[in-house]
Amino acid sequence: MDLLPTLPFDLITEILSRSPVKLLLQFRCVCKSWNSLISDDPKFARKHLTNSTTHSLNSLGFPYVGILTMHPPNFFFNTAVTTNVNQLWHHSNNFLQKLHHRHRVTYGFGYDSVTDNYKVVVIEKTQVKVHTLGTKFWKNIGDFPKATDHEQKSGKYVSGTINWLAQRWPRSSPPFIVSFDLGNESYQEVLLPDNKEVNDNFFTLDVFADCLCVLCGHDVWLMKEYGNKESWTKLFTISYLKDPSMRYSWTKVVYVYEDGQLLLQIKRPFVRPQLIVYDPRMIGTFQFVPLEKSFNGSRFFLT
Amino acid sequence: MAEEVSSQMNSLSISETNPSSSATISLVSGDDIVFKVEPTIAKEMETVQSFIDETDGKITTIPLPNISSHDLPYVIEYCEKSIAGKITKEFEAEFVKKLNNEEVKELFLAANYLNIKKLLDFLSQVIADRIANKSVEYVRRYFGIENDFTPEEEAKLREELAWTFTGVDPDDEDEN
């Protein structure tokens, strides 16, 4: 390979701010300046976040794709990519390690535009702690709404809020979404679409096209305007979920292709998770994807 | 060769722009080939435009010593499409298909030198995509970067990041 004049560092920054997270982590090994750019530069982290959202990676359902990931048994959160997270990690390590062995812990991570900073939220039972990047402490916030049941480990990040599915006892009451506003550090409840035909246990919460999205039974609903119950719109029905053999399956949107096809991950009891390419416009069309192939694209990382 | 290229570029740009606009601008590549372009094209290149502005439009021949006659037509083509509002995903895909990794890098440097924001953004993404499946060693070579870690430091870092170098196991990483 010919050695051309090397690229100025600010141009390298432009390129790396468009690289997927997993790759960036690998690139920390390139040289010292790359390592510190990727792991210690808040400006770079913000730039990367902006570019990630522009390229709609949010469809992966993580706030900042893969920035924090569960990685037991070593750590509650794994080492993350950006600076933020590294700092965050160091400061939160002890706290989180203590939490690790306890049950009923859930967390969320996201960007707060009010303070232009990142925050981690950890909830244990009803106790809530918030950590702001750059500070060295965890702040106790008023209790998580009582008698809620947050089955999902990670909250879903949408427009400055982290969202969890929740339900009051008894179980027959309708589930709802608990939304934590990172800006003013307070809660509100967000209502789910009315769907009486559906067994409540079948709700899953995700992010799709920068909006909250629930898979409810075999229907996919999108909350087009955050917080406005009237804006829930049924996008489509995943027809194969009507099949009785899929009754206990759990589905997650992994990726949305530009042509509108979806990559779904399906889990069923006692069966390895499967990936399916599903075209909502063609009723009943789906194809199973071999894992090697579907994970080739680095953007499918951490789903 | 020089005349042929410039007249070709000239006819291309005329078809896209207003014929009543002022005199054409001559861009001179590093290897001394003249490309005549419409002023609207020059406007897309901030570096060129500010040069023209500084001289109150009196100077219309602009030397671009850092840009070769191989790269300049690509830049001009992109600017023309951009003015015409015809930058589509299809066009961009075709545009980079012709370029190998080294050429993309050269063009990226040219876009930076000329300060063409859109082309710069676009090529950043192209390069990001092209290095997506490459090894750390390839990336060092591609960017001409010297590894300044000691072998111990690098080994330690690689160990810490070992999980990123392996495939994703859907059984372990899942959140539920």
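Source: prediction; values computed, not measured.

*Asks:* I'd like to hear about the sheet that holds strand 12 (residues 211-216) of chain A, residue by residue, with values.
*Replies:* Within a beta sheet, neighbouring strands are joined by backbone hydrogen bonds and run either parallel or antiparallel to one another. Residues and elements named next belong to chain A. Pairing in this open sheet of four strands is antiparallel, and the strands run 11-12-13-14 from one edge to the other. Each edge of the open sheet is held by one strand with a lone partner, namely strand 11 (203-208) and strand 14 (232-237). Strand-to-strand twist in this sheet, taken as the mean axis angle between neighbours without regard to direction, amounts to 30°. Note that strand 12 and strand 13 (residues 219-223) share five bridges and pair antiparallel. Residue pairing across strands places Cys213 opposite Leu222, the latter belonging to strand 13.

*Asks:* Tell me about the sheet that holds strand 9 (residues 176-181) of chain A, and name the residues and values.
*Replies:* All names here are of chain A. Within the open sheet, the four strands sit side by side as 7-8-9-10. Their pairing is antiparallel. Pairing within the sheet leaves two strands with one partner each, and these edge strands are strand 7 (156-158) and strand 10 (186-190). Adjacent strand axes in the sheet meet at a mean angle of 30°, parallel and antiparallel pairs treated alike.

*Asks:* How would you explain the environment of His70 of chain B if you had to name every residue and give the values?
*Replies:* Residue and element names in this part refer to chain B. You can see His70 is positioned in the loop between strand 3 (61-64) and helix 4 (72-83). Each C-alpha atom, one on His70 and one on Glu103, is 9.2 Å from the other, the two residues being 33 residues apart in sequence. At 3.1 Å, the side chain of His70 forms a polar contact with the side chain of Asp71.

*Asks:* Run through unusual backbone geometry, naming residues and quoting values.
*Replies:* Residues and elements named next belong to chain B. Notably, Asp32 is not glycine yet its phi reads approximately 65°, a positive angle. Take Asp32: it is sitting in the loop between strand 1 (25-29) and strand 2 (34-37). Its identity is not glycine, yet Asn115 carries a phi of approximately 60°, on the positive side. Topologically, Asn115 is positioned in the loop between helix 6 (101-114) and helix 7 (117-130).

*Asks:* Quick one: what's the story with the nonpolar core, residue by residue and with numbers?
*Replies:* Within the largest apolar cluster, 66 residues are counted, with the highest numbers of intra-cluster contacts made by Trp34 of chain A together with Leu27, Met45, Val75, Phe95, Leu123 and Phe143 of chain B. No fewer than three residues from each of domain 1 (2-130) and domain 2 (136-163) of chain B sit in this core. Excluding residues that lie within four positions of it along the chain, Leu123 of chain B makes contacts with Val96, Val104, Leu107, Phe108 and Ala111 of chain B. If you look at the next biggest cluster of nonpolar residues, it comprises 21 residues, including Tyr107, Val120, Tyr157 and Val178 of chain A.

*Asks:* How would you summarise the pairing of strand 10 of chain A if you had to cite specific residues and measurements?
*Replies:* The side chains of a regular strand alternate between the sheet's two faces. All names here are of chain A. The pairing of strand 9 with strand 10 spans five bridges and is antiparallel. Residue pairing for strand 10: Val178 is matched across the bridge by Glu189. Linking strand 9 to strand 10, which pair antiparallel, is a turn of four residues; within it Glu185 sits at a positive phi near 50°.

*Asks:* An account of the environment of Leu72 of chain B is needed here, citing residue identities and associated values.
*Replies:* Residue and element names in this part refer to chain B. Mapped onto the secondary structure, Leu72 falls in helix 4. The exposure class assigned to Leu72 is buried, which follows from its relative accessible area of 0%. As a C-alpha pair, Leu72 and Leu27 span 45 residues in sequence and 8.8 Å in three-dimensional space.

Rules used throughout
Residues numbered from 1 in each chain as written. Chains lettered and ligands numbered in written order. Predicted model: local features only at pLDDT ≥ 70, side-chain atom pairs only at ≥ 80, totals over all residues. Heavy atoms only, no water. Pairing = 2+ DSSP bridges. Helix = DSSP H or I, 4+ residues; strand = E, 2+ residues; numbered from the N terminus. Axes fitted to C-alpha atoms, helices over the stretch in contact; angles between N-to-C directions. Polar contact = N/O pair within 3.5 Å; in protein donor to acceptor, adjacent residues only side chain to side chain. Core = buried A, V, L, I, M, F, W, Y, C linked by side-chain atoms within 4.5 Å. Buried < 20%, exposed > 50% of the residue type's maximum accessible area, 1.4 Å probe, protein only. Domains from an automatic or database assignment. Contact = heavy atoms within 4.5 Å.

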